[in-house]
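# Chain and residue survey
What follows is the residue order along each chain.
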Amino acid sequence: MVRDFSLFTSPGMGPTPDGDPHAAVACAHDAPSIFYSPNNTRDGRGTWVITRAKDQRRVLHDTATFSSHRSIFASALGENWPMIPLELDPPAHGIFRSLLNPLLSPKRVMVLEPAIRERAIVLIDGISAASTSCDVMTDFAFPFAVNIFLRFLGLPDERLDTFVGWGKDLLHGEGVKRTAAARTIVAFIDDLAAVRRKEPTDDFMTFIVEAKVDGRSLTDEEVRGIGVLVFVAGLDTVATAIGFDLAYLARNPKDQQLLRREPDRIGLAAEELLRAYSTVQMIRVAKKDIDFEGAPIRKGDYISCATMIANRDPAEFENPNTIDLAREDNRHTAFAYGPHRCLGSHLARREIVIGLEEWLSRIPDFRIKEDTAPITYGGHVFGIENLILDWS
Ligand code: HEM
């Protein structure tokens, strides 16, 4: 049951010019529905890999057998506190999830919409006034998504580049760089919590330090666990999604034309692009020995539910490797399933759709600039490093 397959080390998973890491991992469907990968985490641990969407749903719902408590962030520092709510299992998970749910509800996101659109317009108009080419990642996707996110958190915009740098080192850096980034982020969140305790304002961190669960205030470790998770979860996920979407449209002029002509299709198209270019590998830990689809999973084993694999499952999606912007009934897992489904999905969806709407309505026909190649990479969170578009 052991396969030479890894989201970290298989061909196409390192920084790859003109790479297609999603197509590269879709080959997992040629393997059995579950197999063992000896090196499938950043720190080189083995995981079981669940390839079928239906089996991943089973794992993600069965929190009694498959735990998400594994302190992935804290362990980089030799510590073991959980990121909250992600690394808590029910019932503790539900208590914190109920606390945070209203902050990112569809209603709250609707209130943010005018600011999201305005931010997109200002950035894109600035780009098109200055040039007929840009690096979408540094000039649009990151400044757009991270600015909105920082506003939500109540953090200063002038430190945007610093925050993005920390996120990149954490998610894609190696060894010392990664540990240093983790330490910096924790210190930053701890300081911010201390400041907001003394000087409350109307922002996310103030809400957290003043919140009560079960009639008590949150401990310092809980405040840190929430702050770090939300900081890390929102930092590059949306920017990356926009990057993969615009790279696809640059390479597929017919689909680009279709969305220009019929912008009402952008919402549905964004769902298909989320499916085909999913970015997150979820990991669970077995709480007990279990025979799963013939695999002898042992207590403590890691189980990978990679969204980029489930979303290319031929048993779930017709022609999964064909991108059909009109695909309906698209039950993709880009934002996970079960109790841990993404808390920020409403915000993320609106940012992606608004970003694409404004880009397509303001920038004429674009393509990837000649003699340049977007660099992509695999890992726990897939990424795209640069995307130089040209509309001269
Ligand atoms: C395209 C963008 C995004 C994608 C693809 C994405 C994907 C995911 C996935 C797959 C999970 C489940 C992880 C697991 O179970 O191991 C998750 C959880 C989570 N996401 Fe996102 N996310 C995105 C954007 C955001 C944003 C913008 C925020 C915050 C503003 C956010 C906050 C969270 C939180 C707090 C959780 C944990 C939920 C829980 O454990 O109950 N995400 N996300």
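Residues numbered from 1 in each chain as written. Predicted model: local features only at pLDDT ≥ 70, side-chain atom pairs only at ≥ 80, totals over all residues. Heavy atoms only, no water.

### Notes on the side chain of threonine 333
Selection criterion: Strands are runs of DSSP state E lasting at least 2 residues, helices are runs of H or I lasting at least 4, and numbering of each runs from the N terminus. Remark: exposure states derive from per-residue accessible area (1.4 Å probe, protein chains only) relative to the maximum for the residue type, with buried under 20%, exposed over 50%, and partly exposed in between. The contact criterion used throughout is that any non-hydrogen atoms of two residues lie within 4.5 Å.
Tracing the backbone through its elements, the reader meets threonine 333 in the loop between helix H14 (307–310) and helix H15 (345–362). Its relative accessible area of 1% is what places threonine 333 among the buried residues. For threonine 333, the contacting residues outside a window of four places in its chain are Thr307, Ala310 and Asn311.

### Quick notes on the sheet that holds strand E5 (residues 133–135)
Sheets are built from strands that pair by backbone hydrogen bonding, the pairs being arranged parallel or antiparallel. Inclusion rule: The pairing criterion for strands is at least two bridges between them, as found by DSSP.
Spatially, 3 strands are ordered E5-E15-E12 in an open sheet, and the strand pairing comes out antiparallel. Both edges of this open sheet fall to E5 and strand E12 (367–368), since each of them pairs with a single strand only. Note: E12 against strand E15 (residues 388–390), 2 bridges, orientation antiparallel. Within the sheet, the bridge partner assigned to isoleucine 368 lies in E15 and is leucine 389.

### So, the site of the ligand
We apply this condition: Think of it this way: one heavy atom of a residue within 4 Å of a molecule or strand is enough to make that residue near it. Under this definition, polar contacts are N or O atom pairs within 3.5 Å; protein pairs additionally need one hydrogen-donor-capable and one acceptor-capable atom, and for neighbouring residues in sequence, both atoms have to be side-chain atoms. The classification used treats Ala, Val, Leu, Ile, Met, Phe, Trp, Tyr, Cys and Pro as nonpolar, Asp, Glu, Lys and Arg as charged, and all other residues, Gly among them, as polar.
The environment of the ligand is made up of 25 residues, and the closest members are His93, Arg97, Arg284, His340 and Cys342. Between the ligand and leucine 86, the relevant distance is 3.3 Å, taken from an oxygen atom to a main-chain nitrogen or oxygen of the residue. Residue arginine 284 places a side-chain N or O atom 2.6 Å away from an oxygen atom belonging to the ligand. Going through the elements one at a time, helix H4 (92–100), helix H10 (220–235), helix H11 (237–251) and strand E8 (281–286) are the ones with two or more residues in the shell around the ligand. For the shell around the ligand, the element with the most residues is H10, which contributes 3 residues. Of the residues in the shell around the ligand, the class split is 16 nonpolar, 6 polar and 3 charged.

### Things to note about the coordination of the iron atom of the ligand
Going by this rule: A donor here means an N, O or S atom no more than 2.8 Å from the metal, or no more than 3.2 Å when the metal is Na, K or Ca. Since water is not included, a site may seem to lack partners.
One donor from the polypeptide reaches the iron atom of the ligand: Cys342 (SG), at 2.3 Å. In this fold, cysteine 342 is placed in the loop between H14 and H15.

### Points about the sheet that holds strand E14 (residues 383–384)
Taken together, 3 strands build an open sheet; the order of strands is E1-E13-E14 and the sheet is antiparallel. Each end of this open sheet is capped by a strand with a single partner; those strands are strand E1 (16–17) and E14. Two strands pair when backbone bridges link them, and E1 and strand E13 (residues 375–377) are joined in this way by 2 bridges, in the antiparallel orientation. Looking at E13, one finds that proline 17 is bridged to isoleucine 375.

### What about the pairing of E8?
For E8, the tally of buried residues reaches 6 of 6 residues, placing the bulk of the element in the interior. A two-sided burial pattern is seen for E8, the buried positions comprising Gln281, Ile283 and Val285 on one face and Met282, Arg284 and Ala286 on the other. Examined bridge by bridge, strand E4 (residues 66–67) and E8 share 2 bridges and lie antiparallel to one another. Looking at the pairing, phenylalanine 66 lines up with alanine 286 of E8. Where E8 lies against strand E11 (residues 302–306), 5 bridges are found, and the strand directions are antiparallel. Note on E11: the bridge partner recorded for glutamine 281 is alanine 306.

### Re empty space enclosed by the protein
Let me state the cut-off plainly: Cavities and pockets are defined on a 1 Å grid built over the protein atoms alone: a cavity is a set of grid points where a 1.4 Å probe fits but cannot escape, while a pocket is an open set with protein on both sides within 12 Å along at least five of seven lines, and lining residues are those with an atom within 4 Å of any such point. Grid points are joined across faces, edges and corners, and a volume is the space filled by probe spheres set on the points.
With the rule as written, the count across this model stands at 2 cavities of 30 Å³ or more. Roughly 40 Å³ of internal volume is contained in the second largest cavity. For the second largest cavity, the full set of lining residues is Leu153, Leu155, Ile189, Leu192, Phe204, Met205, Gly227 and Phe231. Listing elements by their share of the lining of the second largest cavity, those giving two or more residues are helix H8 (175–198), helix H9 (204–210) and H10. Residue composition of the lining of the second largest cavity, by class: 7 nonpolar, 1 polar and no charged.

### Details of the nonpolar core
Selection rule: We call a set of buried residues a nonpolar core when its members are Ala, Val, Leu, Ile, Met, Phe, Trp, Tyr or Cys and they connect through side-chain atoms within 4.5 Å of each other.
Counting residues in hydrophobic clusters, the biggest one holds 99 residues, and the most contacted among them are Phe73, Phe140, Phe231, Leu246, Trp359, Phe366 and Leu389. With 13 residues, the single largest contributor to this core is helix H6 (residues 136–153). Setting aside its immediate chain neighbours within four residues, phenylalanine 231 contacts Phe149, Leu153, Leu155, Phe163, Trp166, Ile185, Phe188 and Ile189.

### What to know about H10
Put simply, the rule is: To estimate how far a helix should extend, the number of its residues minus one is multiplied by 1.5 Å.
Between the first and last C-alpha of H10 there are 22 Å, a value that for 16 residues agrees with the 22 Å anticipated at 1.5 Å per step. By the criterion of burial, H10 is predominantly enclosed, with 13 of the 16 residues buried.

### Notes on helix H2 (residues 53–61)
Of all the positions in H2, only Ala53, Asp55, Gln56, Arg57, Val59 and Leu60 are classed as buried. Elements that come into contact with the buried residues of H2 comprise strand E3 (47–50), E4, E8, strand E9 (290–292), E11 and H14.

### Some thoughts on the environment of phenylalanine 152
Positionally, phenylalanine 152 belongs in helix H6. The buried category is assigned to phenylalanine 152, whose relative accessible area is 13%. Once the C-alpha coordinates of phenylalanine 152 and phenylalanine 204 are considered, the two residues, 52 residues apart in sequence, prove to be 6.7 Å apart. With sequence-adjacent residues up to four places away left out, phenylalanine 152 is seen in contact with Leu103, Leu104, Phe204 and Val230.

Shape is all these values report; function is a separate question.
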